[in-house]
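Observations on chain architecture
Each chain is listed here by its residues.
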Amino acid sequence: MKGEYREISADLLALARGNAWSIENMEAHEAGGRSVDYIGSRTEGNIVYDYYRDSAGAFWYKNRAIINGEIVSMEKYIFGHEVSRNRARKW
């Protein structure tokens, strides 16, 4: 889904905008086992808000950013490169 972008409809945005939780926190909201479907995105400045709906009907969002016309992860936007989550710590 890295480069996918489809403008979210006004109706879905009205439902999702105030009710969406960060998709990174699904486990904390006891929704970790649910499947999600991408329902669309919205852009504000350089930030892209991707919206999802899970199998129980709850809304979720994930942020990405635009650099030189390309949609990239927030890690690349902030740090200049992708961040590996599985790196061994040296300390």
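Read on for a plain summary of the structure. (Residues numbered from 1 in each chain as written. Predicted model: local features only at pLDDT ≥ 70, side-chain atom pairs only at ≥ 80, totals over all residues. Heavy atoms only, no water.)

**Focus: the overall build of the protein chain**
The criterion, for reference: Helix and strand assignments follow DSSP, with helices taken as H or I runs no shorter than four residues and strands as E runs no shorter than two, numbered in order from the N terminus. The cut-offs for exposure are 20% and 50% of the maximum accessible area for each residue type, with area from a 1.4 Å probe on protein chains only; residues under the lower value are buried, those over the upper are exposed, and the others partly exposed. Only heavy atoms enter the contact rule, under which two residues are in contact if any of them lie within 4.5 Å.
Along its length, the protein chain carries two helices and five strands. Overall, the protein chain shows an N-to-C arrangement of helices and strands of α-β-β-β-β-β-α. Here the protein chain, with 91 residues, has 29% of them falling under the buried criterion. For the protein chain, the proportion of contacts with a sequence separation of at least 24, taken over those separated by at least 6, is 44%.

**Structural notes on the nonpolar core**
Short version of the rule: The set of buried Ala, Val, Leu, Ile, Met, Phe, Trp, Tyr and Cys residues whose side-chain atoms join them within 4.5 Å is what this entry labels a nonpolar core.
With seven residues, the main nonpolar core is built from I8, L13, A16, A20, I39, Y51 and F59. Sequence-distant contacts of A20, that is, excluding residues within four places in its chain, are made with Y51, F59, W60 and Y61. Residues I23, A31, Y38 and W60 belong to the second largest nonpolar core, which totals six residues.

**Some points on unusual backbone geometry**
Its identity is not glycine, yet E30 carries a phi of approximately 55 degrees, on the positive side. With respect to the helices and strands, the residue E30 is situated in the loop between strand 1 (21-22) and strand 2 (36-44). Residue classification places E30 among the exposed positions, given a relative accessible area of 73%. Positive phi, normally seen in glycine, also occurs at N68, with a value near 50 degrees. Structurally, the position occupied by N68 is in the loop between strand 4 (59-67) and strand 5 (70-73). The class for N68 is exposed, based on a relative accessible area of 81%.

**Observations concerning the side chain of R64**
Note the cut-off: In protein, a polar contact requires one atom able to donate a hydrogen and another able to accept it; more generally it is a pair of N or O atoms within 3.5 Å, and residues adjacent in sequence count only if both atoms are side-chain atoms.
Mapped onto the elements of the fold, R64 is located in strand 4. A distance of 2.5 Å separates a polar atom in the side chain of R64 from a polar atom in the side chain of D50.

**Here's the deal with the pattern of salt bridges**
Counted only if it meets this: Here, a salt bridge means any Lys or Arg side-chain nitrogen found within 4 Å of an Asp or Glu carboxyl oxygen.
Counted by the stated rule, this structure contains four salt bridges. Note that R17 and E44 form a salt bridge whose closest N and O atoms lie 2.9 Å from each other. Taken as a pair, R17 in the loop between helix 1 (10-16) and strand 1 and E44 in strand 2 lie far apart in primary sequence, 27 residues in all. Classification of R17 as partly exposed rests on a relative accessible area of 46%. With a shortest N-O distance of 2.5 Å, D50 and R64 are connected by a salt bridge. Taken together, the positions of D50 in strand 3 (residues 47-54) and R64 in strand 4 put the pair 14 residues apart, joining distant regions of the chain. Classification of D50 by relative accessible area gives buried; the value is 1%. Each of R17, R42 and E44 takes part in a single network of salt bridges with overlapping partners.

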